[in-house]
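Next come the chains, spelled out residue by residue.
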Amino acid sequence: MLNYTVTDDKYNERMDICNGCEHLSETIKMCDKCNCIMPVKAKFAHFYCPINKWGRDTTKLIVRSD
Ligand code: SF4
């Protein structure tokens, strides 16, 4: 079964970056660049930071051939 969520290590790596970022609200953990709640967004492999501080987790993605 394919798992679209990232590993705990990858999640923690992403959240460490977001928690040190000037665009993250400390109270509700919302990013003012993408308006996402980062503890949720950081769980999913296909999401990425809008200003390239972290990228997609391509190890968890399906590449379409069409
Ligand atoms: S997604 Fe990017 S811009 Fe938004 S809080 Fe995280 S590191 Fe900052």
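Residues numbered from 1 in each chain as written. Predicted model: local features only at pLDDT ≥ 70, side-chain atom pairs only at ≥ 80, totals over all residues.

Q: Residue-level account of the overall build of the chain, with values.
A: Across its full length, the chain carries two helices and zero strands. The burial tally for the chain puts 9% of its 66 residues in the buried class. Expressed as a percentage of contacts within the chain between residues at least 6 apart in sequence, the contacts between residues at least 24 apart total 44%. (Helix = DSSP H or I, 4+ residues; strand = E, 2+ residues; numbered from the N terminus. Buried ≥ 20, exposed ≤ 12 C-beta atoms within 10 Å, placed from the backbone. Contact = placed C-beta atoms within 7 Å.)

Q: For the environment of Phe-44, give the residues involved together with the corresponding values.
A: Structurally, the position occupied by Phe-44 is in the segment after α2 (38-41). Each C-alpha atom of the pair Phe-44 and Tyr-4 lies 6.0 Å from the other, and the pair is 40 residues apart in sequence. What Phe-44 contacts, discounting residues up to four positions off in sequence, is Tyr-4 and Thr-5.

Q: How would you explain unusual backbone geometry if you had to name every residue and give the values?
A: Here the phi dihedral of Asn-35 falls at roughly 60 degrees; this positive angle occurs in a residue that is not glycine. If you trace the backbone, Asn-35 turns up in the loop between α1 (8-19) and α2. A positive phi angle is found at Asn-52, which is not glycine, with a value near 60 degrees. Taking the C-beta count within 10 Å as the criterion, Asn-52 has 7 such neighbours and is therefore assigned exposed.

Q: How would you summarise the environment of Thr-7 if you had to cite specific residues and measurements?
A: With respect to the helices and strands, the residue Thr-7 is situated in the segment before α1. We classify Thr-7 as partly exposed; it has 13 C-beta atoms within 10 Å.

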